[in-house]
Amino acid sequence: MIVAWAMNGEMLRPENGYPLRLVVPGVQGVSWVKYLRRIEVGDERYDTKDETLHYIDLMPDGLHRQYTSIQECKSVITTPSGGQVLMDQGYYNISGLAWSGRGRIKRVDVSVDGGRNWRTARLETPVLSKALTRFNIDWVWDGAPTILQSRAIDETGYVQPKLNQLRALRGTKSIYHNNAIQSWKIDRNGEVSNVQVS
Amino acid sequence: MRFSIILMQFALLPLLCYTPALQAQEKPWQHLGRKASADEIKAWDIDVRGDFKGLPQGQGSVAQGERIWEAKCASCHGSFGELNEVFPPLIGGTTAQDIKLGRVAANANNSVAQRTMMMKLARLSTLWDYVNRAMPWNAPKTLQTDEVYAVVAYILNLGSVVPEDFVLSHENIAQVQAKLPNRNGLVRFDGMWQTKGKPDMQNQACMKNCDTEAISSSLPEFARNAHGNLSEQNRLIGGLRGADTTRPAAQALMASTTANLPGTTSSNSKPNAVKAIPTVAGMDMKALLAKNTCTACHGLKNKIVGPSMQDIGARYQNKADAEAYLINKIKSGGAGVWGSVPMPPQSQLKEAELKAIAQWLLKEAQ
């Protein structure tokens, strides 16, 4: 955990938590507290309101999971992505970001046929622990409607899950920590839109 | 053992930044701030933990709590903690059986659409600490300790956890904790707390002929323009553009929208090529528009970067000097008529070519 007072060679900006903020690599953003005034260190968790009543995950059996803070391995294709339009058939560089709260990204696979077949993408360096890692892969679009997906694997060997796998275990009331594979639908007219497959 | 570090503005920064080699030098910021006094720390150190460590002594009755509630709380939370207009409801969804078992059945069977605070509350310290720290919303930390006890007692009474003649105090709060309806409904999940914790599930890295799923959910049409016009929020380079979300989705690819001109046949098999544009004044319009890259920015029916060719024609066809106006616009370029993206001057075009394009826009493109 880092107490940060500067970023990118300048003091933190107000919107980023000036004068001091926490940086907690691998952990959900809500724990990266901004505008720090006081730090209290304890030997037991505090069970304050948000971490007891809000950031909890309701499982199908009615139990709430508490203190689920790790951001598990996830990836998303940023180009092409929802709201964009492919102007034409032909070559595209599919590019996206992958990350894991448990360490480095080891591999990212990309499917251009809705998850039927996968190819391994190139990772841009440096690949750092608990940091965004960019991936790229070549694609020639033949003009047919399809679905793009990416699937990241981190250094622990954990493979980013599918939405139906997450739902089978966690149900539909566990709204946080959705690290499922993201699907972008490509229409015949080139439009890219956000869809769920399950 | 617990201790407090107080950061008074930048008072602690030198500690965080010092390295041994630098300690001998005087730092420009060493006179900034000061150490927090014991009284200041005491005033700030108000947290009440799950095991009630930090809970101040005091007491408050349900009856006192009701009076405070009506004056300071009910306007947002409703007289019975049931209101769902300003904040999610506090009370509801729990039963006598839940209080007996310490598990709220509605959390498992989804019989209550929106979980209330009382359905989730597993530790009474959480409620006490939050009321004491943050309520009322418009005047936090104005309640006296006994008033906090009273308000918490009233909330518990609304949830049928304590009777209406109950007096909550630091002495009996642990016994009331043992009656919370969801006291056994919250578990710490170390698999997602420890970096090396065990995940609850994961995928297999299948590469060929893997199982797939059908689309189960899509962005609804009414949300298409929910974030403003995406065509104005995406870069204008490369093979992608932002969708024009102010209009329904186009029928065809952007690059092929110069096809299907009236009175022509589509024999070109390349779907994305500019095709079937007729000859005007002896000129091959398709070749002319393509050679001068007009079609990179103007679709026949679609706005790409600039307006569609049909929109241009429609706008000016009744203008008296339309042809001369368009010739000048194409030749000299312009900005501000159709949007902020400028059109560069096309000074390479010959007069006859300019005239042919202008005539085509006004007549044939329609």
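None of the values given here were measured: they were computed from a predicted structure. One numbering rule holds for all chains: residues counted from 1, following each sequence as written. Note on labels: chains are lettered from A, ligands numbered from 1, in written order. Totals for whole chains, interfaces and linings use every residue, but because this is a predicted model, local features are given only for residues with pLDDT of at least 70 and side-chain atom pairs only at 80 or more, for both listing and counting. Computation of side-chain values: all heavy atoms of the structure, hydrogens and water removed.

Student: How should I be thinking about the sheet that holds strand β6 (residues 57-58) of chain A in this particular structure?
Tutor: Two pairing modes exist for strands in a sheet, parallel and antiparallel, and in both the strands are linked by backbone hydrogen bonds. Two strands are counted as paired when DSSP detects at least two bridges linking them. Elements are defined by DSSP. Helices are runs of H or I of four residues or more, strands are runs of E of two residues or more, and each kind is numbered from the N terminus. An order of β6(A)-β7(A)-β4(B) is seen for the three strands of this open sheet, with the pairing classed as mixed. Bordering the open sheet on either side are β6 of chain A together with β4 (186-188) of chain B, each of which pairs with just one other strand. Bridge analysis of β6 of chain A against strand β7 (residues 64-66) of chain A gives two bridges, and the strand direction is antiparallel. Bridge assignment links D57 of chain A to a residue of β7 of chain A, and that residue is R65 of chain A.

Student: What is the right way to read the interface of chain A and chain B from this model?
Tutor: In many reports, interface size means the accessible area that the parts give up when they come together. We call two residues contacting when some pair of their heavy atoms lies within 4.5 Å. With 86 residues of chain A in contact, the opposing surface of chain B contributes 87 residues. Summed over both partners, the accessible area (1.4 Å probe) lost when two parts come together is defined as the buried area. Counting the surface lost from both chain A and chain B, the interface buries some 7,600 Å², and carbon and sulfur atoms represent 54% of this. The largest per-residue losses of area from chain A upon contact with chain B belong to L53, H64 and M87 of chain A, which jointly make up 10% of the total buried on that side. Salt bridge, as applied in this entry: a Lys or Arg side-chain nitrogen positioned within 4 Å of an Asp or Glu carboxyl oxygen. The tally of links from chain A across to chain B stands at nine salt bridges. Here R188 of chain B and D47 of chain A are joined by a salt bridge, their closest N and O atoms 3.6 Å apart.

Student: Could you clarify how one ought to interpret a nonpolar patch on the surface in this entry?
Tutor: Side chains of W5, M11 and Y18 of chain A sit close together on the surface and give an oily, nonpolar patch of about 280 Å² of accessible area. With a relative accessible area of 37%, Y18 of chain A lands in the partly exposed category. The patches reported here contain residues having more than 30% relative accessible area and no salt bridge. Joining distances are 9 Å for like charges and 5 Å for nonpolar side chains (Val, Leu, Ile, Met, Phe, Trp, Tyr). Under the convention used here, a 1.4 Å probe and the Shrake-Rupley method define accessible areas, while residue burial counts only the protein chains that appear. Partly exposed describes any residue whose relative accessible area lies between the buried limit of under 20% and the exposed limit of over 50%, with all areas from a 1.4 Å probe on protein chains only and scaled to the type maximum.

Student: Can you walk me through the packing of helix α12 (residues 309-316) of chain B against helix α14 (residues 351-364) of chain B in this structure?
Tutor: Residues and elements named next belong to chain B. At a minimum axis separation of 7 Å, α12 and α14 run at an interaxial angle of 85 degrees. When the interaxial angle is binned, α12 and α14 end up roughly perpendicular. On α14, the residues that touch M309, I312, G313 and Y316 of α12 are W360, L361 and L362. In this classification, the charged set is Asp, Glu, Lys and Arg, the nonpolar set is Ala, Val, Leu, Ile, Met, Phe, Trp, Tyr, Cys and Pro, and all remaining amino acids, among them Gly, are polar. Residue composition of the contact of α12 with α14, by class: six nonpolar, one polar and no charged. Between the N-to-C directions of two axes lies an angle of 0 to 180 degrees, each axis being a line fitted to C-alpha atoms and, for a helix, fitted only over the stretch in contact. Oblique is the label for any angle not under 35 degrees, not over 145, and not in the 65 to 115 range, which are roughly parallel, roughly antiparallel and roughly perpendicular in turn.

Student: Explain unusual backbone geometry to me, please; I cannot follow it from the model alone.
Tutor: Trans is the common state for peptide bonds, and a negative phi is the common state for residues other than glycine. Cis geometry marks the peptide bond from T79 of chain A to P80 of chain A, where omega comes out at -5 degrees. Within the secondary structure, P80 of chain A is located in the loop between β8 (74-79) and β9 (84-86). With an omega of -10 degrees, the peptide bond running from M135 of chain B to P136 of chain B counts as cis. Examined against the element boundaries, P136 of chain B turns out to sit in the loop between α7 (124-134) and α8 (145-158). Positive phi is not limited to glycine here, since Y67 of chain A has a value of about 60 degrees. Looking at the element boundaries, Y67 of chain A is found in the loop between β7 and β8. Take Y67 of chain A: its relative accessible area is 5%, and that puts it in the buried class. Unlike most non-glycine residues, H177 of chain A shows phi in positive territory, near 60 degrees. Tracing the backbone shows H177 of chain A in the loop between α2 (163-170) and β16 (183-186). Residue class for H177 of chain A comes out buried when judged on its relative accessible area of 11%.

Student: Before we go on, may I ask you to explain the confidence of the model for chain B in this structure?
Tutor: In low-pLDDT segments, the atomic positions of the prediction should not be examined closely. Residue and element names in this part refer to chain B. Confidence along chain B averages 85 in pLDDT terms, with 86% of residues attaining 70 or more. The predictor reports its confidence for every residue as pLDDT, a score running from 0 up to 100. Confidence drops under pLDDT 50 across residues 1-19; counting only partners more than four residues distant or on other chains, this segment forms 46 contacts. Long-range and interchain partners of residues 258-276, a stretch whose pLDDT sits below 50, account for 36 contacts in this model, where long-range means more than four residues apart.

Student: Which parts of the structure should I look at to understand a negative patch on the surface?
Tutor: Negative charge collects at one region of the surface, where E66, E70, E164 and D165 of chain B lie side by side. In this fold, E66 of chain B is placed in helix α3 (residues 62-77). Counting rule applied: Lys, Arg positive; Asp, Glu negative; His and chain ends not counted. Note on charges: their place is set at NZ of Lys, CZ of Arg, CG of Asp or CD of Glu.

Student: Would you take a moment to explain the sheet that holds strand β17 (residues 192-197) of chain A for this structure?
Tutor: Strand order in the open sheet made by the six strands is β12(A)-β11(A)-β15(A)-β16(A)-β17(A)-β5(B), with antiparallel pairing throughout. Both edges of this open sheet fall to β12 (119-120) of chain A together with β5 (215-218) of chain B, since each of them pairs with a single strand only. Taken together, the four bridges between strand β15 (residues 146-154) of chain A and β16 of chain A define a ladder with antiparallel strand orientation. Each residue of the ladder has a partner; that of L148 of chain A, found in β16 of chain A, is W184 of chain A.

Student: Please clarify how the packing of aromatic side chains should be interpreted in this entry.
Tutor: Any pair of aromatic rings gets described here by the distance separating the centres and the angle formed by the planes. Two aromatic rings from Phe, Tyr or Trp, using only the six-membered ring of Trp, form a pair when their centres are within 6.5 Å; if the ring planes differ by under 30 degrees the pair is stacked, by over 60 it is edge-to-face, and anything between is tilted. This model, assessed by the stated rule, comprises eight aromatic pairs over all chains. A ring pair is formed by Y316 of chain B and Y325 of chain B, whose centres lie 4.8 Å apart and whose planes are at 40 degrees; its orientation type is tilted. For Y325 of chain B, a relative accessible area of 22% translates into the label partly exposed. Here the aromatic cluster, defined as three or more aromatic residues joined through ring pairs, consists of Y92, W139 and W141 of chain A. The criterion for a charge sitting over a ring is simple: Lys NZ or Arg CZ within 6 Å of the ring centre, and within 35 degrees of the ring normal. One cation-aromatic arrangement involves R65 of chain A over F189 of chain B; the distance from NZ or CZ to the ring centre is 3.8 Å.

Student: What should I look at first to understand the state of the cysteines in this one?
Tutor: In protein structure, a disulfide is the covalent linkage between the sulfur atoms of two cysteines. Residues and elements named next belong to chain B. Any pair of cysteine sulfurs within 2.5 Å is marked as a disulfide. Across all of its chains, the model carries one disulfide over all chains by this definition. Note on cysteine connectivity: C206 is disulfide-linked to C210, with sulfurs 2.1 Å apart. Residues C206 and C210 share a disulfide whose torsion about the S-S bond is about -100 degrees; that sign makes it left-handed. Relative accessible area serves as the criterion here: at 28%, C206 is assigned to the partly exposed category. Left unpaired, C76 is separated from the closest cysteine sulfur, that of C73, by 8.9 Å. C76 gets classed as partly exposed once you look at its relative accessible area, which sits at 25%. C297 supplies the cysteine sulfur nearest to C294, a cysteine that is in no disulfide, at a spacing of 9.0 Å.

Student: Help me understand the nonpolar core, please; the structure alone is not making it clear to me.
Tutor: In a soluble, globular protein the nonpolar side chains are often hidden away together inside. Counting residues in hydrophobic clusters, the biggest one holds 39 residues, and the most contacted among them are W69, L124, V152, L156 and L168 of chain B. Counting residues per element, the ones that place at least two in this core are α3, α6 (117-120), α7, α8 and α9 (173-177) of chain B. No other element matches α8 of chain B, which puts ten residues into this core. Contacts of V152 of chain B, omitting those with residues within four sequence positions, involve L124, L127, W128, V131 and L168 of chain B. The next biggest cluster of nonpolar side chains, apart from the first, holds 23 residues, and it includes I94, V110, W141 and Y158 of chain A. Remark: nonpolar core denotes a set of buried residues (Ala, Val, Leu, Ile, Met, Phe, Trp, Tyr, Cys) joined through side-chain atoms within 4.5 Å.

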